[in-house]
Amino acid sequence: MQEALATIQNDSTMMLIAGMAIAVLLAIVLVVVISSMRVKSYKDRFQNLLLELKEKSDYIETLEKEAKASRAEDTKNKKELASFDETKAALKKAKAESKVIDTAYEDNKKKLEKTKSTLSALEKKHDRLEEAHTTLKAALETSLEENSKLRTSNARLLMKLEKEVAQALQEHGKK
């Protein structure tokens, strides 16, 4: 190897060829080193992209799950809204019926008050009539007793009168 170096050092053409060979070798090494650095750089980027892609894929799956849950919630809310509209209509109907019932209740309450006052007046009148009836009944009993006494008295007087008329006729007939 020393001999080859010595021969190259003495010959300028060989030196030029050796210099060119070293330059080409250095250029090849430089290209290999740069290529290997680029390969490593691209490998790192590729791994980063795979990691990002996995994270984005997970994020997209999460968003899809949330979107599905949101659609289900939306469907549920639409059903509740439809139910709410039905309930609202039923409430309006019940409110209208309640007003009618309240009006009827107030009318019935007024009629009840009027009927109560009429009943109270009629009860007072009834009490007065019962008192009058009791008074008249007592007066009737008194009148009946008096009438009975007067009849008895009249009957006696009539009998006495008939006896006197008969006696008077007998006395007048004897005369």
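Everything numeric in this text was worked out from a predicted model, so none of it was measured.

Section: the overall build of the protein chain
And then number 1: Regarding its fold elements, the protein chain presents two helices and zero strands.
And then number 2: A compact globule built from 175 residues would reach a C-alpha radius of gyration of about 16 Å, whereas the protein chain, at 70 Å, exceeds it by more than 25%.
And then number 3: A buried classification covers 0% of the 175 residues belonging to the protein chain.
And then number 4: Here the protein chain has roughly 16700 Å² of accessible surface; of this, 62% comes from carbon and sulfur atoms.
And then number 5: Counting 33 positive and 29 negative side-chain charges, the protein chain places the averaged centre of each group 9 Å from the other.

With respect to the pattern of salt bridges
And then number 1: In the structure shown here, the tally under the stated rule is three salt bridges.
And then number 2: Measuring nitrogen to oxygen at the nearest pair gives 3.4 Å for the salt bridge that ties D44 to K40. Linking D44 with K40, this pair stays in helix 2 (residues 12-174), spanning four residues, or about one helical turn.
And then number 3: What makes D44 partly exposed here is its relative accessible area of 34%.
And then number 4: Measuring nitrogen to oxygen at the nearest pair gives 3.6 Å for the salt bridge that ties K54 to D58. Taken as a pair, K54 and D58 lie in helix 2 at a separation of four residues, close to a single helical turn.
And then number 5: Given the relative accessible area of 35%, D58 is considered partly exposed.

Re the environment of D11
And then number 1: For D11, the position within the fold is in the loop between helix 1 (2-10) and helix 2.
And then number 2: On the basis of relative accessibility, which here comes to 32%, the residue D11 falls in the partly exposed class.
And then number 3: Separated by 52 residues in the primary sequence, D11 and L63 place their C-alpha atoms 75 Å from one another.

Section: a nonpolar patch on the surface
And then number 1: A cluster of nonpolar residues, L25, V29, V33 and M37, forms a patch on the protein surface that exposes about 370 Å² of accessible area.
And then number 2: With respect to the helices and strands, the residue V33 is situated in helix 2.
And then number 3: Relative accessible area serves as the criterion here: at 37%, V33 is assigned to the partly exposed category.

A short note on a negative patch on the surface
And then number 1: A contiguous patch of negative charge on the surface is contributed by E123, D127, E130 and E131.
And then number 2: With respect to the element layout, D127 can be found in helix 2.

Cut-off values and rules
Residues numbered from 1 in each chain as written. Predicted model: local features only at pLDDT ≥ 70, side-chain atom pairs only at ≥ 80, totals over all residues. Heavy atoms only, no water. Helix = DSSP H or I, 4+ residues; strand = E, 2+ residues; numbered from the N terminus. Rg over C-alpha atoms; globule rule 2.2 N^0.38 Å. Buried < 20%, exposed > 50% of the residue type's maximum accessible area, 1.4 Å probe, protein only. Areas by Shrake-Rupley, 256 points an atom, 1.4 Å probe, with all protein chains shown as cover. Lys, Arg positive; Asp, Glu negative; His and termini not counted. Charge placed at Lys NZ, Arg CZ, Asp CG, Glu CD. Salt bridge = Lys/Arg side-chain N within 4 Å of Asp/Glu carboxyl O. Patch = residues over 30% accessible without salt bridge, like charges linked within 9 Å, V, L, I, M, F, W, Y side chains within 5 Å.

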